[in-house]
Amino acid sequence: MTRDPRFDVTTTTTCGYCGVGCRLEAHQHGGHIVSISPALDGPANRGHTCLKGRFAHQFTRSRDRLTAPFVREHGTLRLASWDEALDRVASEFQRIKAEHGPDAIAGLASARGTNEDAWAMQRVMRAAIGTHNIDNCSRVCHSPTSFGLRKSVGLSGCSGSFDDIEHADVLLIVGSNATAAHPVAGARMKQAALAGAKIITVDPRRNDLSDVGALHCGLRPGTNAAFLNGLTHVLIRDGLVDREFVRSRVEGFEGLADLVAYLTPDVTEELTGVPAADVVRAAHIYGEARTGSIAWGLGVTEQLYGSECVQMLCNLALLTGKIGRAGCALLPMRGQNNVQGVSDVGALPDTYSTYRSVGDDATARLFEERWGVPLRRERGLKLPEMIDAALAGKLKAMWICGYDIGQSDPDSAKVEAALANLEFLVVQDIFENLTSREAHVLLPAASFLEKTGTFTNAERRIQLVQAAAAPPGSAKTDLEIFSLVSERLGHPLPYRGPEDVMLEIGALTPAFAGVTYERIGRGGLQWPVAADGTDTPMLYAESFALPGGKGRLAALPFKPPGDEASEQYPLILVTGRRLEHYNVGTMTRRTGNLELLSHDVLEIHPDDAAAHGIADGALVEVRSRNGSIQLGAHVTDRIEAGHVFTAFHFPEVRTNLLIGQSADINTSCPEYKVVAVAVTPVAVHAGAARGHAVVA
Amino acid sequence: MRLTVDGVALEVPPGTTVLEAARSAGLWVPTLCFDDRLAPFGACRVCLVGVEGARGPVASCTTHCREGMVVHTQDALAGRIARNVVELVLSELPAPPAAHTELAQVAARLGLDATGGPAAQRWAGAVHEQSHDHRHPYLAFQHELCISCGRCVRACDEVQGAFALTATGRGFHANVTAGLGHGFAESSCVSCGACADTCPTDAITERFLVELEETR
């Protein structure tokens, strides 16, 4: 690349927005990032990126960045030196540990941070504090994916790569709005469709890919299991099963065939609302294709039986032999840039790196030997359990890094009460947020453009992150902060920098054995990475990572979701993302993206709007059993009747006040996608702005 | 299949273009409408090369290699045509292209004085009038710099799939527009910036960068 005279320095790094993992060229001038362009050799983005990765970098120099630590004194936060703030953190943790034991303290690692940050934090929690109370936001997004994949095929990650998109004759896309939530992968899927691949979208809401797809199946929220088992019925009934593959590589066929026998297309239509003919068509399009990949998002996982639905998706691939070869990937669309990695490296309450149980003695001894401390064998608290324990007064302290649970977790009012009930709350972030309102210490952290390490994208690809600018003020990288705290807790971390952390991960994690920054280079490495540096773009070509090597078909029945429409709450709310913003909007709301989308709306079908007396643009109240919010209505037939949709990007709206306690049975991932609500027009006094949200 | 480019014997897989073959041998061939991310277009006639036995120079980006082909990237006639094409393009601009642009770099390598000077005096005739659209928070149109290479339109279609940009006008008035001409925000644009990324002249660029240039 010719050096561009407009820029002082150009740094190649990895995007910190979604899990696609675009490689970016960050151009600096006068100490600031002034432009970002896509790296032409990025494996996932191949010279492209989206409006978040490319343009939404102004937040790094926002006036309200946290640039110095704060401590609470007489009820208010005041500026403090790093020494004072860190001493306070260490002494409070030590006091609480002495008075209530180490399990009275819990930490949340950030899925926005690096693998090295997450590793360091789980080490501090486990080794310096002595608790496995460490979790991350995969709890509320793809923990069911991890669970389901491990049950069905063995490893918690994509079975192939984004490159399988271009090799697939069919893309079955379930509960994922890729062009909005994972724009570059979405663009690749759209291009694949334009080049002749058949896309089937399964979602209560039409999306951009439905418009270029071969078939859209607009099912009722909460009925994924019925639909997927209904597809399985047709695959078996119509001879679309790869018998040789099933015979030699898979177990559990008989049980599954028996289970789905009753799920004829007519029964499936009755349960899901998808016309029987479309169920048959979908099964035939997928089953008859030479190659096919399955992509899914939180529309699958964030449900009462989300983890089981992931197993049902795996059933489809296992039955038709569409796994372990080019064009046949199981592709979970991971939400955050590093939600794959933060879980891989063990920021979880029940597992060390690569999902090895904390109860496994051999694994635990490896860690004990390396870290020189005894480690517990009982698992720690999952995030929802932390909230309950805090409310019950059993959990006394939390350390929350780069994760605004106040805005993003379900039942926001309960989260708020739990945080308020803590004796000591440390928030480590780049901005103040709804979580930090109750903080006792606020530590200013570096953003992804200001730190070095690695992220792991949705295709298991470990990629380098390079600091492209300096953190503002006295803000420090998470790794520096963890090191300073751990030292004060009497357990100094032996890392000279991020690469030392990766070497320790490799030393304690066979699947990371050969990972070095030099080998990662510009192209990344897809784990497992052997000691000689050989990586694994495709899993399961020969066998599955399960005892015996066979894939497991899961015979799991359809069960109704945790919430259902009633007379009092006649509509089902589904939440998701918009293209312009990212999750709680901490970063994107501080950029020009706000000009592109300044507020959120509630999407409602014209029939429902008419039935409830709602005009396009009118202010409405959305009420669930759990809470209520107000925002503007957008009447659209993109959504099926009976459902409404909104995002959760704006703290003014606080959509998650509506979400209840229902959660995936295996992983506690909240059921964000099925919430019964009532929508009523709000009388607006003259002059109120159209569609602008009102704090509930 | 085997071919010779500037005396270098090459073996390439079927379907390889002459441009790809030349580049694989480390040879430089000028291009304006070409972008690796897009299907070859063959519009600008700057990537011309000589091929023995052909009636005249051919566009290397759209010509597939054939067995035994003998290619000369330094073919005199091809070079003269390419320089003329770039000169014509430069002659319509109201000001020399900024140094960082691909157009300026190609012109410089072809030995053209893009920044003015004696050569520029030969470029009499009409130049495009300034026409800017800065309504989008990130993307800026500077229509007078459009050279109708079609890269932005193709990037929008072939990389993103938004189909927001359209080539408009004919001849001297050929240009690019978003949607029905009411700016990016009123079109199907998804603000991905692929157009700005590929534009060889800053006819579409980033507002931040325009502002950065203005503060220099």
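Residues numbered from 1 in each chain as written. Chains lettered and ligands numbered in written order. Predicted model: local features only at pLDDT ≥ 70, side-chain atom pairs only at ≥ 80, totals over all residues. Heavy atoms only, no water.

1. Some details on the pairing of strand 4 (residues 70–73) of chain A
Residue and element names in this part refer to chain A.
Okay, so step 1: With four bridges connecting them, strand 4 and strand 5 (residues 76–79) associate as antiparallel partners. If you follow Glu73 over to strand 5, its bridge partner there is Thr76.
Okay, so step 2: Connecting strand 4 to the next strand, strand 5, in antiparallel fashion are two residues, including His74 with a positive phi near 50 degrees. (Pairing = 2+ DSSP bridges. Helix = DSSP H or I, 4+ residues; strand = E, 2+ residues; numbered from the N terminus.)

2. Considering the pattern of salt bridges
Okay, so step 1: All chains considered together, the criterion is met by 52 salt bridges over all chains.
Okay, so step 2: The residue A:Glu385 makes a salt bridge to A:Arg379 at a minimum N-O spacing of 3.0 Å.
Okay, so step 3: Put simply, B:Asp36 and B:Arg23 hold a salt bridge, and the shortest N to O gap is 3.9 Å. Of the two residues, B:Asp36 sits in the loop between helix 1 (18–24) and strand 3 (48–51) while B:Arg23 sits in helix 1, which places them 13 residues apart along the sequence.
Okay, so step 4: Taking relative accessible area as the criterion, B:Asp36 reaches 63% and is therefore assigned exposed.
Okay, so step 5: By relative accessible area, B:Arg23 is classed as partly exposed at 35%.
Okay, so step 6: Here the salt bridges do not stand alone but share partners, grouping A:Arg54, B:Asp35, B:Arg37, B:Glu102, B:Arg151 and B:Asp197 into one network. (Salt bridge = Lys/Arg side-chain N within 4 Å of Asp/Glu carboxyl O. Buried < 20%, exposed > 50% of the residue type's maximum accessible area, 1.4 Å probe, protein only.)

3. Some thoughts on the domain arrangement of chain A
All names here are of chain A.
Okay, so step 1: Split by domain assignment, chain A resolves into domain 1 (70–140 + 337–526), domain 2 (143–332) and domain 3 (571–681).
Okay, so step 2: Placing the centre of domain 2 and that of domain 3 at their C-alpha centroids yields a distance of 26 Å.
Okay, so step 3: Between the two partners, domain 2 and domain 3, sit two salt bridges.
Okay, so step 4: The salt bridge partner of Arg205 is Glu603, with a shortest N-O separation of 3.0 Å.
Okay, so step 5: Counting across the interface, domain 2 meets domain 3 through 14 residue pairs in polar contact (both at pLDDT 80 or more).
Okay, so step 6: Of all the secondary-structure elements, those providing two or more residues to the side of domain 2 that touches domain 3 are helix 4 (143–152), helix 6 (178–181), helix 8 (208–212), helix 14 (298–301) and helix 15 (306–320).
Okay, so step 7: Across the side of domain 2 that touches domain 3, the residue classes tally to eleven nonpolar, twelve polar and seven charged. (Domains from an automatic or database assignment. Polar contact = N/O pair within 3.5 Å; in protein donor to acceptor, adjacent residues only side chain to side chain. Nonpolar A, V, L, I, M, F, W, Y, C, P; charged D, E, K, R; others polar.)

4. A few points about the sheet that holds strand 3 (residues 32–38) of chain A
Strand pairing in a sheet relies on backbone hydrogen bonds, with the paired strands running either antiparallel or parallel.
Residue and element names in this part refer to chain A.
Okay, so step 1: Pairing is antiparallel in the open sheet, where three strands are placed in the order 1-2-3. At either margin of the open sheet sits one strand with a lone partner, and together these are strand 1 (9–14) and strand 3. Going across the sheet, the axis of each strand differs from the next one's by a mean of 30 degrees, ignoring polarity.
Okay, so step 2: Relative to strand 2 (residues 23–29), strand 1 runs antiparallel, the two sharing six bridges. Across the sheet, the residue bridging to Thr11 is Ala26, located in strand 2. (Axes fitted to C-alpha atoms, helices over the stretch in contact; angles between N-to-C directions.)

5. A look at helix 2 (residues 82–100) of chain A
All names here are of chain A.
Okay, so step 1: Along its 19 residues, helix 2 runs 26 Å from first to last C-alpha, staying within 8% of the 27 Å computed at 1.5 Å per residue.
Okay, so step 2: Within the sequence span of helix 2, burial applies to Trp82, Ala85, Leu86, Val89, Ala90, Glu92, Phe93 and Ile96. Looking straight down helix 2, one finds that the buried residues subtend no more than 160 degrees of arc, so they occupy a single side. (Expected span 1.5 Å × (residues − 1). Arc of directions from axis to C-beta.)

6. Regarding the domain arrangement of chain B
Residue and element names in this part refer to chain B.
Okay, so step 1: On domain assignment, one finds that chain B holds domain 1 (1–127) and domain 2 (132–214).
Okay, so step 2: When each unit is reduced to the centre of its C-alpha atoms, the spacing between domain 1 and domain 2 is 24 Å.
Okay, so step 3: Contacts between the two partners involve 18 residues from domain 1, matched on the other side by 16 residues from domain 2.
Okay, so step 4: A buried area of about 1600 Å², summed over both sides, lies between domain 1 and domain 2, and 59% of it is on carbon and sulfur atoms.
Okay, so step 5: Applying the counting rule to domain 1 against domain 2 returns eleven residue pairs in polar contact (both at pLDDT 80 or more).
Okay, so step 6: Split into classes, the residues belonging to the side of domain 1 that touches domain 2 amount to twelve nonpolar, two polar and four charged. (Contact = heavy atoms within 4.5 Å. Buried area = accessible area lost by both parts, 1.4 Å probe.)

7. Re the pairing of strand 25 (residues 619–624) of chain A
Residue and element names in this part refer to chain A.
Okay, so step 1: Examined bridge by bridge, strand 25 and strand 26 (residues 628–635) share five bridges and lie antiparallel to one another. Residue pairing for strand 26: Arg623 is matched across the bridge by Ser628.
Okay, so step 2: From the end of strand 25 to the start of strand 26, which pair antiparallel, there are three residues.
Okay, so step 3: Where strand 25 and strand 28 (residues 675–681) come together, five bridges link them in antiparallel fashion. Note that in strand 28 the partner of Val622 across the bridge is Val679.

8. Digging into the interface of chain A and chain B
It is common to report an interface's size as the accessible area lost on association of the parts.
Okay, so step 1: Taken together, the contact between chain A and chain B spans 33 residues of the former and 26 residues of the latter.
Okay, so step 2: With both sides pooled, the region where chain A packs onto chain B buries about 2400 Å², and carbon together with sulfur makes up 57% of that total.
Okay, so step 3: Seen at the junction of chain A and chain B, the total is one salt bridge.
Okay, so step 4: For A:Arg54, the salt bridge identified is with B:Asp197, shortest N-O distance 2.9 Å.
Okay, so step 5: Linking chain A to chain B there are 13 residue pairs in polar contact (both at pLDDT 80 or more).
Okay, so step 6: Elements with a minimum of two residues in the side of chain A that touches chain B: strand 3, helix 1 (51–55), helix 7 (183–194) and helix 24 (593–596) of chain A.
Okay, so step 7: Element by element, the count of residues in the side of chain A that touches chain B is highest for strand 3 of chain A, at five residues.
Okay, so step 8: The residue makeup of the side of chain A that touches chain B, split by class, is 14 nonpolar, 13 polar and six charged.

9. Things to note about the packing of aromatic side chains
All names here are of chain A.
Okay, so step 1: Scanning the model with the defined rule gives 14 aromatic pairs over all chains in all.
Okay, so step 2: Consider the rings of Trp399 and Phe482, whose centres lie 5.4 Å apart with planes at 65 degrees: the pair is edge-to-face. Here Phe482 lies in helix 21 (residues 478–488) and Trp399 lies in strand 16 (residues 397–401), a separation of 83 residues in the sequence.
Okay, so step 3: On the basis of relative accessible area, Trp399 is assigned to the buried category, the value being 0%.
Okay, so step 4: For Phe482, a relative accessible area of 2% translates into the label buried.
Okay, so step 5: A connected cluster of aromatic rings, assembled from ring pairs, spans Phe93, Trp399, Phe424 and Phe482. (Phe/Tyr/Trp six-rings, centres within 6.5 Å; stacked < 30°, edge-to-face > 60°.)

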